[in-house]
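Chain and residue survey
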Amino acid sequence: MSIVRALTRAAPAFILAAGLSAAAPAAAQPVLNALAPIAPGQWLLRIAGERPRAMCVTNPEALIQIRHRASACSRLVIADEKASATVHYSCPSAGWGRTTLRVATANAVRISTQGIADNAPFAFEADARRTGDCPARSASR
């Protein structure tokens, strides 16, 4: 059995065993210590091999689920330190991911993530930098 298939099968049971509801939305989760200094606003994501993209971040937790932004996912916090956090998340019918955020400043974050989205594996690292306030009418998460 491949490791991806094994992790995909084991992740929901692991999350339930940890006492989390698989149907609980991410918004119900407590704020991570590592995310506390992150400033909301317009952020620019730079992922190798892709064009930079702008993202309005009103809730810094949106940086955890770059490939599953619109999904309601359950989360399991693996580590939450002052300047870094690792979170495993599972999204019913959409896949799963494991993300590590390293917070350099309130305006600069390094994101390492991998998982399954759209029935395909993904893995990438991104540099995220705050570029200013969100434009009016485009605020999301």
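Everything discussed here concerns the structure shown above.
A brief structural summary. Every chain's residues receive numbers from 1 upward, in the order its sequence appears when written. With the structure being a predicted model, the display of local features is reserved for residues of pLDDT at least 70 and the display and counting of side-chain atom pairs for 80 or more, all residues being used for whole-chain, interface and lining totals. Only hydrogens and water are set aside; all other atoms, that is, all heavy atoms of the structure, feed into the side-chain values.

**A closer look at the sheet that holds strand 6 (residues 108-117)**
Note the following rule: In short, DSSP must find at least two bridges between two strands for them to pair. The helix and strand labels rest on DSSP assignments: H or I over at least four residues marks a helix, E over at least two residues marks a strand, and numbering proceeds from the N terminus. In this description, a line fitted to the C-alpha atoms serves as the axis of each element, helices being fitted only across the stretch in contact, and the angle between N-to-C directions of two axes falls anywhere from 0 to 180 degrees.
The antiparallel open sheet is built from 7 strands, whose spatial order is 2-1-7-6-5-4-3. For this open sheet the edge positions go to strand 2 (53-57) and strand 3 (74-80), each flanked by a neighbour on one side alone. Taking each pair of neighbouring strands and ignoring which way they run, the sheet shows an average axis angle of 25 degrees. Looking at chain direction, strand 3 and strand 4 (residues 84-91) are connected through 6 bridges and run antiparallel.

**So, the pairing of strand 1 (residues 41-47)**
For clarity, the threshold we go by: Accessible area is worked out with a 1.4 Å probe on protein chains only. A residue is then buried under 20% of its type maximum, exposed over 50%, and partly exposed in between.
Of all 7 residues in strand 1, 5 are buried, a share of seventy percent or more. Relative to strand 2, strand 1 runs antiparallel, the two sharing 5 bridges. Looking at the pairing, Leu44 lines up with Ala54 of strand 2. Remark: 5 residues form the turn of the hairpin made by strand 1 and strand 2, two consecutive strands paired antiparallel; Gly49 in that turn has positive phi of roughly 85 degrees. Bridge analysis of strand 1 against strand 7 (residues 120-132) gives 6 bridges, and the strand direction is antiparallel. Looking at the pairing, Leu45 lines up with Ala128 of strand 7.

**Description of the state of the cysteines**
What is meant by a disulfide is a covalent connection between two cysteines, made through their sulfur atoms. Where we set the bar: Cysteine sulfur atoms that come within 2.5 Å of each other are treated as a disulfide pair.
Scanning the entire structure with this criterion turns up 2 disulfides. What pairs with Cys56 in a disulfide is Cys134, and their sulfur atoms sit 2.0 Å apart. Here Cys56 and Cys134 share a disulfide; its torsion about the S-S bond, 105 degrees, makes the bridge right-handed. Remark: Cys134 occurs in the segment after strand 7 and Cys56 occurs in strand 2; sequence separation between them is 78 residues. Assessed through its relative accessible area of 6%, Cys56 is described here as buried.

**Some thoughts on the nonpolar core**
Selection criterion: Residues grouped as a nonpolar core are buried Ala, Val, Leu, Ile, Met, Phe, Trp, Tyr and Cys residues, joined through side-chain atoms within 4.5 Å. The contact definition used throughout considers only heavy atoms, calling two residues in contact when any of these lie within 4.5 Å.
Core analysis: the biggest nonpolar cluster contains 27 residues, and Leu63, Val109 and Ile111 have the highest contact counts within it. Residue assignment for this core shows that the elements contributing at least two residues are strand 1, strand 2, strand 4, strand 5 (95-105), strand 6 and strand 7. Aside from chain neighbours lying at most four places away, what touches Leu63 is Ile38, Met55, Val57, Thr99, Leu101 and Ile111.

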